Amino acid sequence: MRRLNLLFLLVPAIYSCNPTKYVPQGESLLNSNHIQIDREGINKSDLVPYIKQKPNKQIFGARFHLGLYNFSNLEKKKWPHAWLRNIGEEPVIFDQYATEKSREQLENLIRSKGFFDSRVTDSVRTVKRKSDVYYNVNLKTPYTIRNLYYEIADTTIKKLFDFDSTNCLIQRGKPYDATILQAERTRFERYVKNHGFYSFSTDHIAFRVDSTIGNRQVNLFYEIHNFQKTDIYNRITNVPHPVYQIKNVYIYTDYVQKDVLEGGESYINSLDTVNYNGYYFISQQKKSPIKYDLILRSLYLKPGSGYSISNTEQTQSHLMSLKTYRLVNIFFNETGVPDGSQESQSFLNCHIQLTLLSNQSFNVELEGTNTAGNLGGALNLIYQHKNLFHGAEQFNMKLKGAFEAMTQQNTKLRSTREYGIETTLRLPRFIVPFFRKEGFIKTFNPTTTILAAYNYQDLTFFTRTMANATFGYNWAARNYKTHIVNPVQLNLVNMIKIDTGYQKLIDASSYLANSFKDVLILGGNYSYIYNNQKIQNSRDYLFLRVNAEAAGNMLALASNLAGAGKKEGYLNFFGQPFAQYIRTDIDIRYNIILNDASSIVYRGFAGIGIPYGNSKVIPFEKQYFGGGANGIRAWQVRSLGPGSFDVPKETVFINQTADIKLEANAEYRFKLFWILEGALFLDAGNIWTFNEDSSRPGAMFRFNKFLNDIAVGTGTGFRFDFSFVTARLDMGLKLRDPSIANGSRWILMSRRYDFRNDLTFVLGIGYPF
């Protein structure tokens, strides 16, 4: 804690510290790099990675990390000086040699893009021991590809190439680009290896360029060389590339590398081999831990089929997706020709080594929780079986006890308690009747999930129980896409007790009165997720989630066909009123990586729920709310809106929810030092009801006035990255309050700031989005 206190006290001094303090005499600090391109043809962003020397990181135009380093005393090794140097960044001294190497790399790059006779020059401007480096890129007209000639020695590969020529990345008339040539080598290598050419590689592909034809054009020769083979006299000869077939597939169902190394010959003798449907299963156990049929459904490699690198990768991916194996290793070795085959044919044996995870586990989890800004903790007792019926069925059972502190603007601190049990069974297959699914399974590897849960919730002002059952499917499509379909989702909510004071608040609002009732929700939902984020966050990425759900339609149809009567104005199913509504929302986020110390994240959210038929409002669990740690942070959770409605100051418990939500956020994130990160944010949005609510004037969404109901807040925050969890403290300030009835709704233009109500501190766990 003393480290944080010290840094907060020293921040002004750090920013004002002389950046050249520890720059040696006669040297200068690298202040900036500038790239100037005199014509279109290459983007600056493509050139930046080739500059070898980068200046010190900046935050808001200031070198904060360099300031930390400079504030230390280099002659002292004790705290805080050593610590300041450790979390800071030493000055980047301008290096003329690095500048020259950068110029050469830039020149090589632009030449590889077809600008053969273009040049890159550099110049340096030094003022007050700070050097700015300028790289001037003089681009001339790029050379284009006039003709493309193919020189392919192997006739079989020549036929493959002719068949696939429309997919060639190289095009006549386009500028010469070495990057495209390399991409074409990789593409065609993969294409050939998918047709049985196991020994083929990019080393057999070469390009020859003739730039002497004039008119700033080149002729390109696409060469594919024959396979080099050593004969019995150790002479190297060029022969056509062999095409390989898979002879046998050996599957080691419980392979353990340690046992193999330690057991040696005795381990090999203990193995038992079973031929099942033409595959050889090898194991120490009498009975395979995983059903043979399940393993075979995950295989794309078959005896007698041609070698294919894509089939190999898909086999490994599908086996790993069973979540039963810790390691899947696939390799091939050449083998002799089987009886009845021609000597000219080539064969491979395929070996698949499967290393199992522990079958069962029991864990005790202590976790921090953050439900819309309400912080708390949970104790989870989790039992997991990864292979329940020897078919890679994942069974999970969780016993949960949770406690959360509820932060409310007009009340003292209160708490909520929750106890429950949840069981999940995940099956590695697609359980759908009357559906020819073999091709679908091979392509998308779907799973079926069955979930059942029961929760008891004591939420201070009311107590309820919730039972849930879900049956659905999940599959991953290509290109970062995931689909989740739950055709059956059942929720049963029973209100056990409601606080007397809160009951009066409910009775005063028809919206709340219809929200806090026993209800049965029977329907289904669908989610589409796109996420191209990589584990290594080295590039910008996009996250998109679209949800759609409907409930009550089948029950309403059945009730109408059966001629069921209404009870207290509602149709019932086994004595329980059921909800009828449709609901959809979209959540989109775009993360822009500025550098290794900072990024900007944009988020947009839009959602709507429409009650109809047997419902006057959508169920409380499906309603939207505003404010809180993951929303518009200048408002406490559930205290914003709906619309321009102004919550009475005497309200004891603020719990504003509605059917429609629009929200937009922008957050600038930057690393500071040690475990501390900073953020600046801007939030805007609100919630609205779909129907008129007489108890909350201004709550209904109207196209001609919803823009005037938008709330705007800004603020700053800190994130504490503890590796295993990220804690967050945000301070939000209201800029525009839609509840202001008269005059401008921009606070600065309508009234003085009341920091007790206009400034909000929220705690959170993890990033807000």
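Everything that follows concerns the structure shown earlier in this document.
Residues numbered from 1 in each chain as written. Predicted model: local features only at pLDDT ≥ 70, side-chain atom pairs only at ≥ 80, totals over all residues. Heavy atoms only, no water.

S.K.: Could you clarify how one ought to interpret the overall build of the protein in this entry?
M.R.: From N to C terminus, the protein includes 16 helices and 31 strands. Projecting the C-alpha coordinates of the protein onto the three principal axes gives extents of approximately 100 × 80 × 60 Å. For the protein, with 769 residues in total, the buried portion stands at 45%. For the protein, the exposed surface amounts to about 39,600 Å²; the carbon and sulfur share of it is 55%. Here the protein contributes 89 positive and 68 negative side-chain charges, whose respective centroids are spaced 3 Å apart. (Helix = DSSP H or I, 4+ residues; strand = E, 2+ residues; numbered from the N terminus. Buried < 20%, exposed > 50% of the residue type's maximum accessible area, 1.4 Å probe, protein only. Areas by Shrake-Rupley, 256 points an atom, 1.4 Å probe, with all protein chains shown as cover. Lys, Arg positive; Asp, Glu negative; His and termini not counted. Charge placed at Lys NZ, Arg CZ, Asp CG, Glu CD.)

S.K.: In this structure, what is going on with the pattern of salt bridges? I would like to understand it.
M.R.: In total, this model carries 36 salt bridges according to the counting rule given. Measuring nitrogen to oxygen at the nearest pair gives 2.6 Å for the salt bridge that ties R669 to E667. Classification of R669 as buried rests on a relative accessible area of 11%. You can call E667 buried: its relative accessible area is 1%. Of the charged contacts in the structure, one is a salt bridge between D758 and R751, with a shortest N-O distance of 2.7 Å. The class for R751 is partly exposed, based on a relative accessible area of 32%. (Salt bridge = Lys/Arg side-chain N within 4 Å of Asp/Glu carboxyl O.)

S.K.: Looking at this model, I keep getting lost on the pairing of strand 22 (residues 541–551). Mind explaining?
M.R.: In summary, the side chains of a regular strand alternate between the two faces of the sheet. In this structure, strand 21 (residues 519–531) lies alongside strand 22, joined through nine bridges in antiparallel fashion. Each residue of the ladder has a partner; that of S527, found in strand 22, is N547. The sheet contact formed by strand 22 and strand 25 (residues 581–595) spans eleven bridges and is antiparallel. Each residue of the ladder has a partner; that of A550, found in strand 25, is I582. (Pairing = 2+ DSSP bridges.)

S.K.: Which parts of the structure should I look at to understand unusual backbone geometry?
M.R.: Note on backbone geometry: most residues besides glycine have negative phi, and most peptide bonds are trans. Cis geometry is adopted by the peptide bond preceding P80, which originates at W79 and carries an omega value of 5°. Tracing the backbone through its elements, the reader meets P80 in the loop between helix 3 (64–70) and helix 4 (81–87). Here the amide bond leading from G641 into P642 is cis, since omega sits at 0°, within 30 degrees of zero. Positive phi is not limited to glycine here, since K128 has a value of about 55°. By the secondary structure assignment, K128 is in the loop between strand 2 (119–127) and strand 3 (130–138). Among the residues examined, K128 registers a relative accessible area of 74% and is labelled exposed.

S.K.: Just checking my understanding: could you explain the pairing of strand 19 (residues 462–477) for this structure?
M.R.: Bridge count for strand 18 (residues 447–458) against strand 19 is twelve bridges, and the pairing is antiparallel. Bridging across to strand 19, N455 finds its partner in M466. Connecting the antiparallel pair strand 18 and strand 19 is a turn made up of three residues, with T460 showing a positive phi of about 70°. When strand 19 meets strand 20 (residues 481–498), the two strands line up antiparallel, connected through 15 bridges. Note that in strand 20 the partner of A467 across the bridge is L492. Between strand 19 and the antiparallel strand that follows it, strand 20, lie three residues; N479 among them carries a positive phi value of about 60°.

S.K.: Would you take a moment to explain the sheet that holds strand 4 (residues 144–152) for this structure?
M.R.: Sheet strands line up and pair through hydrogen bonds in the backbone, either parallel or antiparallel. Pairing in this open sheet of three strands is mixed, and the strands run 4-6-5 from one edge to the other. In this open sheet, the two strands that pair with only one neighbour each are strand 4 and strand 5 (205–210). Looking at each pair of strands side by side, their axes are set apart by 20° on average, direction ignored. Bridge count for strand 4 against strand 6 (residues 217–224) is eight bridges, and the pairing is parallel. Bridging from a neighbouring strand, T144 pairs with Q217 of strand 6. Lying on the sheet, helix 6 (residues 155–164) is in contact with strand 4 and strand 6; it crosses strand 4 at an angle near 145°. The sheet contacts of helix 7 (residues 178–193) involve strand 5 and strand 6, and relative to strand 5 the element is tilted by about 150°. (Axes fitted to C-alpha atoms, helices over the stretch in contact; angles between N-to-C directions. Contact = heavy atoms within 4.5 Å.)

S.K.: How do you make sense of the nonpolar core when you look at a structure like this?
M.R.: Generally speaking, nonpolar side chains in soluble globular proteins are found buried as a group. Among the nonpolar cores identified, the biggest contains 26 residues, and I251, I295, L319 and I352 are the most heavily contacted of them. Those elements that provide at least two residues to this core are strand 9 (244–252), strand 11 (279–283), helix 9 (292–297), helix 10 (309–321), strand 12 (325–335) and strand 13 (346–356). In this structure I251 touches Y279, Y280, F281, I282, I295, L296, L299, I352 and L354, once residues within four positions along its chain are discounted. (Core = buried A, V, L, I, M, F, W, Y, C linked by side-chain atoms within 4.5 Å.)

S.K.: Looking at this structure, how should I read the packing of aromatic side chains?
M.R.: Both the distance between ring centres and the angle between the ring planes are used here to describe each pair of aromatic rings. On inspection of all chains with the given rule, the structure shows 40 aromatic pairs. For the pair Y150 and F161, a centre-to-centre distance of 4.7 Å together with 55° between the ring planes defines the contact as tilted. In this pair, Y150 sits in strand 4 while F161 sits in helix 6, placing the two residues eleven residues apart along the sequence. On the basis of relative accessibility, which here comes to 2%, the residue F161 falls in the buried class. Between the aromatic rings of Y753 and F755, the centroid separation amounts to 5.7 Å while the plane-to-plane angle is 15°, which identifies the pairing as stacked. Aromatic rings pair up to connect Y150, F161, F188, Y191, F200, F207 and Y222 into one cluster. Over the face of the ring belonging to F625 we find R638, whose NZ or CZ atom lies 4.3 Å from the ring centre. Positioned over the ring face of Y511 is R696, at 4.6 Å from the centre of the ring. (Phe/Tyr/Trp six-rings, centres within 6.5 Å; stacked < 30°, edge-to-face > 60°. Lys NZ or Arg CZ within 6 Å of the ring centre and 35° of its normal.)

S.K.: Looking at this structure, I do not really get the sheet that holds strand 2. What am I missing?
M.R.: Pairing within the open sheet is mixed, and its three strands lie in the order 1-3-2. Looking at which strands have only one partner, the edges of the open sheet turn out to be strand 1 (29–37) and strand 2. Neighbouring strand axes in the sheet, compared pairwise and without regard to direction, differ in orientation by 20° on average. As judged from the eight bridges shared by strand 1 and strand 3, these two strands associate in the parallel manner. Paired with Q36 across the strands is N136, a residue of strand 3. Against the sheet, helix 5 (residues 96–112) touches strand 2 and strand 3, its axis set at about 150° to strand 2.

S.K.: Could you clarify how one ought to interpret the environment of V218 in this entry?
M.R.: Mapped onto the elements of the fold, V218 is located in strand 6. Judged by relative accessible area, V218 falls into the buried class, the value being 0%. Along the chain, V218 and R146 lie 72 residues apart, while their C-alpha atoms are 5.7 Å from each other. Each residue touching V218, except ones within four places of it in the same chain, is listed here: F116, Y143, T144, I145, R146, N147, Y176, V209, D210, S211 and I213.

S.K.: Whenever I open this one, helix 10 confuses me. Can you help?
M.R.: Structural remark: α-helix, 3.6 residues per turn; residues separated by three or four positions point the same way. The first and last C-alpha atoms of helix 10 sit 18 Å apart over 13 residues, in line with the 18 Å expected at 1.5 Å per residue. Three or more residues of helix 10 are buried, namely I309, S310, T312, T315, H318 and L319. By the N-cap criterion, in which a side-chain oxygen at the helix start approaches the backbone nitrogen of a residue two or three places on, helix 10 is capped by S308, the distance to S310 being 3.4 Å. Positioned one or two residues after helix 10, K323 has a phi angle of 60°, which is positive. (Expected span 1.5 Å × (residues − 1). Polar contact = N/O pair within 3.5 Å; in protein donor to acceptor, adjacent residues only side chain to side chain.)

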